[in-house]
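The chain contents come next:
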Amino acid sequence: MSQKPIVQVEHLRKVYGSTVAVDDVSFEVYQGEIFGMVGPNGAGKTTTVECIEGLRQPDGGHIRVLGLDPHHDGYALRARIGIQLQESVLQDRMKVWEALDLFASFYPRSVDWEPLLEQLGLAEKRNTPFAKLSGGQKQRLFIALALVHDPEIVFLDELTTGLDPQARRAMWDLVRQIRGRGKTVFLTTHFMEEAERLCDRVAIMDRGRIIALDTPENLIRMLGVENRVVFTVDGAFELERLSKLSDVTRVETIGERVIVYGRGDGLVGEVVNALTTSGTRFRDLRTEQPNLEDVFLALTGREMRD
Amino acid sequence: MRGFWKLTLMETKLFLREPMAAFFTLAFPLMMLFLFGSIYGNKPTPFFGGYGSVDVSVPAYTAMIIATSGLLSLTIAMASYREHGILRRLKATPLRPQAILGAQVIVIFLMTTLGMALLVIAAKIVYGLRFAGDPLSVLAAFVLSCLSFFALGFVLAGLLPTARTAQIVAMVLFYPMIFLSGAMLPRELLPESIQKFAQVLPLTHVVTLLRGLWIGEPWRDHLGEVGILSALLIIGILISARTFRWE
C-alpha cells in the first residue's frame, strides 16, 4: 500500500447546539486502503464523513480530500468521490436502470453502467422499481450509484445496517472488489466484526473523538488483550499446573468451567499438552481470540451496544 | 445541463406513474367538465354575462389545476423528497441546487399546462368553447398564477416537518379554497357574503384574473389581481429561500 494521503483531517470539530458531535478529530486516509470508522451510534462517524464529503460545514479544523477543500470546492470534489448515504432512498417508482442512467448524467465523466449492474448482481432487476427491491438490492444499487462516475474514493456510511448476515457477508466481498479496482474505500460501521474483517486500518470513535487508530491486528495486540482457552473438566483438576505454564497469565474457574488466559500462539498447545500429561479429563474445549469488541471495552470501559 | 434535463425527464415520468397526482391534474378537471357540461350544456345565458357554463368554467377549472399543482403535488412531493433523503442524495452529486429545484418546477409547470390544454381541447371539441381574449395575455396570467402558487407550495414544504403533515395541511388549505374561490363551482352560485370572504384566498384572484382575460377584459381592470399574485410570488420566494430545508 502506498502511503499517499488521499484524505487529510486536522482538528475537525462540529457542534449541534450544545452537543459537540465531533471533537478535535485528526486522521489521514491513504490511497488504496479500506479505512474504517467504527463506534457506537451517535459517536460522530456520520458527521465526520459528511464533513469530508462537503455535505456539512465543519465548525473548526481543516479538511483536504484529493487536495480539495470539501466545502469550497464541493462540486469539483463530488465529481471525484462516490457517496453512499446512511438510510437513503430513491423515488419508489424509479427503476434500477433509470437510476443509473440518471445519476450517470450528473457527472462530467461516467462509466458504462451496464457492466456495473452485472457485477453488483442487479442485471435481472434492471426494470424493477426501487420500492420493490430487497434491502440488500437497494444497498447494491446505492453502491452502483456511488461508482457510476468512476470515483477515486468511495464513502460507504453504515452500508450493512439492516441487512441479514448473509447479505452482509456478500456486501463485504463487494467492498473488497471495489478496493481491488484500485479505489480507496472509507466506511463507517457500528459492527466491530465488520471493521475487523474488512478494514486495513480502523479508527475507533467514541463520543466525538477518535480513541484509537491502527490496523485491527495492532489494535488488538497493542492493548495486550489476552487469548482465552475455555474448557470443562470432569473430576480432579490441578490449577497450579496450568498457572505455571510460560504462556499462561492467569486461570479462572467457575464451577467445572475453566478459563485460561494467556498470550502467544503456543497457548492452546501448551494447555492441551499439560492437561493430557496430567491425565485430566476435559471436554468442550474452545479458544476465544480477543476482537475489536474487547478493544472497545478495554478503551472505554463500556460494551458496544447495537 | 445534461443532468438537469435528464432529471426533468425522469421527474416527468415519475409524475405520470403516480396515479393520484396524474389523476387530479389531468383527469379530474375533464371529469368536472363533462359532468357539468352534460347537465348545463354551454348555451349563452345572461347569468354568466352572455357566456355559457362551460365558457366560464374552463378558466375556473384552470385555476383549480394550478392550485392542485402548487398546493398539493409540489408541496407533498418536496416534503416527501426531503423526508426520505432524496434531496440529500441529489445534493451529494455535482448537481447545483437550482437545477434540482428547477427540474421540479419545470415538470410541475408542464403538467399544469398539459392539464389546461386537455381541458381547453375537450371543451372546444365537445362544447364549442368560446374565447374572446388575447391568448398571450391569458398565457401570461397563467404563468404568473402558476409561479405564485408554486412559491406557496415551496413555503409550505419548507415549514412543514414531514410529508404526512404537509399532505394534511395542504388538503386543509386546498379544499375550502377550490370551493370558495369559484374554481370548482361558478362563484355566481355562491352567496355574496362568501364571495366577499373569498377575497382573502389567493386562488380567488387567479379565478378572477383568468376569467376576466378569457372574455377579453383588459389588464387594467385586473391590476389588483396581478399585484396580489406578484406579491404572493415575491413573498413566497423570500420566505422559502429562508425556510426551505434540504434535510
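Side note on the overall build of chain A
Working step 1: Helix and strand content of chain A: 11 helices and 13 strands.
Working step 2: Each principal axis of the C-alpha atoms in chain A carries an extent, and together these give about 75 × 45 × 40 Å.
Working step 3: In chain A, which comprises 306 residues, the proportion classed as buried is 42%.
Working step 4: Summarising the internal contacts of chain A: among those between residues at least 6 apart in sequence, 70% fall at separations of at least 24.

Overview of the domain arrangement of chain A
Working step 1: According to the domain assignment, chain A consists of domain 1 (5-220) and domain 2 (226-288).
Working step 2: Averaged C-alpha coordinates put domain 1 of chain A and domain 2 of chain A at centres separated by 44 Å.

Examining the interface of chain B and chain A
Working step 1: Each partner contributes to the interface: chain B provides 18 residues, whereas chain A provides 20 residues.
Working step 2: When residues of the side of chain B that touches chain A are traced back to their parent elements, those giving at least two are helix H1 (2-17) and helix H4 (86-91) of chain B.
Working step 3: No other element matches the seven residues that H1 of chain B contributes to the side of chain B that touches chain A.
Working step 4: A breakdown of the residues in the side of chain B that touches chain A according to their chemical character gives seven nonpolar, four polar and seven charged.

Examining helix H3 (residues 53-83) of chain B
Residues and elements named next belong to chain B.
Working step 1: With 31 residues, H3 should reach 45 Å at 1.5 Å per residue; the first-to-last C-alpha distance of 43 Å fits that figure.
Working step 2: Ser 69 marks where H3 bends most, by close to 30°.
Working step 3: With 29 of 31 residues buried, H3 lies mostly within the body of the structure.

A closer look at the pairing of strand E6 (residues 153-157) of chain A
Residue and element names in this part refer to chain A.
Working step 1: The element E6 is extensively covered by neighbouring structure, given that five of its five residues are classed as buried.
Working step 2: The alternating pattern of E6 places Ile 153, Phe 155 and Asp 157 and Val 154 and Leu 156 on opposite faces, both of which are buried.
Working step 3: Where strand E5 (residues 81-84) and E6 come together, four bridges link them in parallel fashion. For Ile 81, the partnering residue across the bridge sits in E6 and is Ile 153.
Working step 4: Of the pairings in the sheet, the one linking E6 to strand E7 (residues 184-189) comprises five bridges and is parallel in character. Along E7, the bridge assignment pairs Leu 156 with Leu 187.
Working step 5: Each parallel crossover has a hand, and the one from E6 via helix H6 (residues 165-180) to E7 is right-handed.

Some thoughts on the confidence of the model for chain B
Working step 1: Here chain B averages 94 in pLDDT, while 100% of its residues score no lower than 70.
Working step 2: Model confidence for the complex: the whole-complex pTM is 0.87, and ipTM, which rates the interface, is 0.89.

Comments concerning the sheet that holds E5 of chain A
Residues and elements named next belong to chain A.
Working step 1: The sheet built from six strands is open, its strands ordered E5-E6-E7-E3-E8-E9 with mixed pairing. Each end of this open sheet is capped by a strand with a single partner; those strands are E5 and strand E9 (209-214). Each strand axis lies, on average, 15° off the axis of its neighbour in the sheet, ignoring direction.
Working step 2: Packing of helix H5 (residues 135-147) onto the sheet brings it into contact with E5 and E6, and relative to E5 it is tilted by some 160°.
Working step 3: In the packing of helix H11 (residues 292-300) onto the sheet, contacts are made with strand E3 (34-38), strand E8 (201-206) and E9, and the angle to E8 comes to roughly 40°.

Quick word on the sheet that holds strand E11 (residues 248-254) of chain A
Residue and element names in this part refer to chain A.
Working step 1: With respect to topology, four strands assemble into an open sheet ordered E11-E12-E10-E13, the strand pairing being antiparallel. This sheet does not close on itself; its edge strands, each paired only once, are E11 and strand E13 (281-288). Taken pair by pair, the neighbouring strands of this sheet meet at an average axis angle of 20°, ignoring direction.
Working step 2: Direction of pairing for strand E10 (residues 227-234) relative to strand E12 (residues 257-262): antiparallel, over a ladder of six bridges. Counted as the bridge partner of Phe 231 is Val 258 from E12.
Working step 3: This element, helix H10 (residues 267-277), spans E10, E12 and E13 of the sheet and lies at about 20° to E10.

Considering the environment of Ile 81 of chain A
All names here are of chain A.
Working step 1: With respect to the secondary-structure elements, Ile 81 resides in strand E5.
Working step 2: Ile 81 sits in the buried class, given 25 other C-beta atoms within 10 Å.
Working step 3: The sequence separation of Ile 81 and Pro 70 amounts to 11 residues, and the corresponding C-alpha distance is 11 Å.
Working step 4: Those residues in contact with Ile 81 that sit more than four places away from it in its chain are Glu 53, Val 65, Pro 151, Ile 153 and Phe 155.

So, the packing of H3 of chain B against helix H6 (residues 135-159) of chain B
Residue and element names in this part refer to chain B.
Working step 1: Following both chains from N to C, one finds H3 and H6 inclined at 30°, their axes separated by 8 Å at the closest point. Considering their axes alone, H3 and H6 lie roughly parallel with respect to each other. Here H3 and H6 pass one another in a crossing that is right-handed. Of H6, the residues touching H3 (which contributes Thr 62, Ala 63, Ile 66, Ala 67, Ser 69, Gly 70, Leu 71, Leu 74, Thr 75, Met 78 and Ala 79) are Phe 142, Ser 145, Cys 146, Phe 149, Phe 150, Leu 152, Gly 153, Phe 154, Leu 156 and Ala 157.
Working step 2: Here the contact of H3 with H6 is built from residues that sort into 15 nonpolar, six polar and no charged.

Here we look at the nonpolar core
Working step 1: Counting 144 residues, the largest nonpolar core has Leu 100 and Ala 144 of chain A together with Ala 63, Ala 67 and Leu 210 of chain B as its most contacted members.
Working step 2: With 18 residues, the top contributor of residues to this core is H3 of chain B.
Working step 3: Contact partners of Leu 210 of chain B, with chain neighbours within four places excluded, come to Pro 59, Thr 62, Ala 63, Val 138, Ala 141, Phe 142 and Ser 145 of chain B.
Working step 4: Among the nonpolar cores identified, the runner-up in size contains nine residues, and Leu 242, Val 248, Leu 267 and Val 271 of chain A belong to it.

Some thoughts on the packing of helix H9 (residues 202-214) of chain B against helix H10 (residues 223-243) of chain B
All names here are of chain B.
Working step 1: Closest axis-to-axis distance for the H9/H10 pair is 9 Å, and the angle between their directions is 135°. Put simply, H9 runs oblique to H10. Seen along the crossing, H9 lies across H10 with a hand that is left-handed. Here Pro 202, His 205, Val 206, Thr 208 and Leu 209 of H9 lie close against H10, whose contacting residues are Glu 225, Val 226, Ile 228, Leu 229 and Leu 232.
Working step 2: Here the residues of the contact of H9 with H10 are counted per class, giving seven nonpolar, two polar and one charged.

Procedures and definitions
- Residues numbered from 1 in each chain as written.
- Chains lettered and ligands numbered in written order.
- Predicted model: local features only at pLDDT ≥ 70, side-chain atom pairs only at ≥ 80, totals over all residues.
- Helix = DSSP H or I, 4+ residues; strand = E, 2+ residues; numbered from the N terminus.
- Buried ≥ 20, exposed ≤ 12 C-beta atoms within 10 Å, placed from the backbone.
- Contact = placed C-beta atoms within 7 Å.
- Domains from an automatic or database assignment.
- Nonpolar A, V, L, I, M, F, W, Y, C, P; charged D, E, K, R; others polar.
- Expected span 1.5 Å × (residues − 1).
- Bend = angle between axes of the 7 residues up to and from the residue.
- Pairing = 2+ DSSP bridges.
- Right-handed = clockwise from strand over helix to strand, strands pointing away.
- pLDDT = per-residue confidence, 0-100.
- Axes fitted to C-alpha atoms, helices over the stretch in contact; angles between N-to-C directions.
- Parallel < 35°, antiparallel > 145°, perpendicular 65-115°, else oblique.
- Left-handed = near helix turned anticlockwise from the far one by under 90°.
- Core = buried A, V, L, I, M, F, W, Y, C linked by C-beta atoms within 7 Å.

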